[in-house]
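Analysis of the macromolecular model
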Amino acid sequence: MCFLLALNVGTPPEMLEEESQLKHVLPTSLEANSLKKSNWGFLFTGIIGGTVVAVYALATPFITPALRKICLPFVPATTRQVENVVQMLRCRRGSLVDIGSGDGRIVIAAAKEGFTAVGYELNPWLVWYSRYRAWREGVHGSAKFYISDLWKVTFSQYSNVVIFGVPQMMPQLEKKLELELEDDARVIACRFPFPHWIPDHVTGEGIDTVWAYDMSTFRGNQKRPRKLMHL
Ligand SMILES: C[S@@+](CC[C@H](N)C(=O)[O-])C[C@H]1O[C@@H](n2cnc3c(N)ncnc32)[C@H](O)[C@@H]1O
């Protein structure tokens, strides 16, 4: 302090004032600079963080099916495959379900053919996109999509069932449908057939092959045991 006072001895008062102003101005501008830098830092971190969260939210529903015990990834049906499914639906009517409906192309194609069509799909992005597609194509009244796990849905109310699955799931699905479907139901399998059922019709080639199974043929004289109603 004494040293500082000693330094100021003989300094004109205007200069002292200027000096004291500088003392105030300099740190403030430095502060402003570092504030600007930290603002950019925050913005940058925010953008990176936001992007990571957005990519994670978008990608997770597409990746998780691959991590399940039965890996059923999103692989859309080819145009020919959709045409083959529609061909198997000729002379059929009523309700239809696509198990694992992806981007909704089968359900929308069926709705255009006059079916009341429903899709169950685990991936919410695909369900929202399917709803948008159905609305854009003018069939949102007869094409509905639900976010659901196919193993937790009962398909008994559907008379037409479409599945584009993977070989690992077909034995389990075969048992489930056998228990649930009515005798007049038709099941259409794309790309991979059921292991034990004998198809009534087959159409297409290679990856576009489609198999149709009629429950009536399959069950023969043995009708599905009806559930007992408790009155
Ligand atoms: C092979 S893609 C078929 C898509 C559509 N059916 C088509 O033919 O274009 C199978 C679909 O099933 C969905 N999926 C996988 N596991 C599922 C589950 N447990 N419940 C419902 N959907 C599931 C996947 O997200 C994927 O969209």
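Analysis parameters
Residues numbered from 1 in each chain as written. Predicted model: local features only at pLDDT ≥ 70, side-chain atom pairs only at ≥ 80, totals over all residues. Helix = DSSP H or I, 4+ residues; strand = E, 2+ residues; numbered from the N terminus. Buried ≥ 20, exposed ≤ 12 C-beta atoms within 10 Å, placed from the backbone. Near = placed C-beta within 6 Å. Nonpolar A, V, L, I, M, F, W, Y, C, P; charged D, E, K, R; others polar. Axes fitted to C-alpha atoms, helices over the stretch in contact; angles between N-to-C directions. Parallel < 35°, antiparallel > 145°, perpendicular 65-115°, else oblique. Left-handed = near helix turned anticlockwise from the far one by under 90°. Contact = placed C-beta atoms within 7 Å. Pairing = 2+ DSSP bridges.

1. Some thoughts on unusual backbone geometry
Look at Cys 91: it is not a glycine, yet its phi comes out positive at around 70°. Relative to the helices and strands, Cys 91 resides in the loop between helix H3 (79–88) and strand E1 (95–99). We classify Cys 91 as exposed; it has 6 C-beta atoms within 10 Å. Phi at Arg 191 takes a positive value of approximately 70°, unusual for a residue other than glycine. For Arg 191, the position within the fold is in the loop between strand E5 (186–190) and strand E6 (201–203).

2. Concerning the site of the ligand
Around the ligand sit 21 residues in total, of which Leu 72, Ala 77, Gly 100, Gly 102 and Leu 150 are the nearest. Secondary structure elements with two or more residues in the shell around the ligand: helix H4 (105–112) and strand E2 (116–121). Residue composition of the shell around the ligand, grouped by class: 13 nonpolar, four polar and four charged.

3. Quick word on the packing of H3 against H4
One can describe the packing of H3 onto H4 by two numbers: an axis separation of 10 Å at closest approach and a directional angle of 40°. By the criterion of interaxial angle, the relationship of H3 to H4 is oblique. Where H3 crosses over H4, the handedness of that crossing is right-handed. Across the interface between the two elements, Val 82, Val 85 and Val 86 from H3 touch Arg 105, Ile 106 and Ala 109 from H4. In terms of residue class, the contact of H3 with H4 is built from five nonpolar, no polar and one charged.

4. With respect to the sheet that holds strand E3 (residues 143–147)
Taken in spatial order, the seven strands of this open sheet run E3-E2-E1-E4-E5-E7-E6, and their pairing is mixed. Where the open sheet ends on each side, the last strands, each with one partner, are E3 and E6. On average, each strand axis in the sheet is inclined to that of its neighbour by 15°, with strand direction left out of account. Sheet topology note: the E6/strand E7 (residues 210–214) ladder contains three bridges and is antiparallel. Residue pairing across strands places Thr 203 opposite Val 210, the latter belonging to E7. The sheet strands contacting H3 are strand E4 (160–163), E5, E6 and E7, and the helix crosses E7 at an angle near 25°. Its contacts with the sheet place H4 against E1, E2, E3 and E4, and it is angled at close to 175° to E2.

Coordinates in, geometry out; function isn't part of it.
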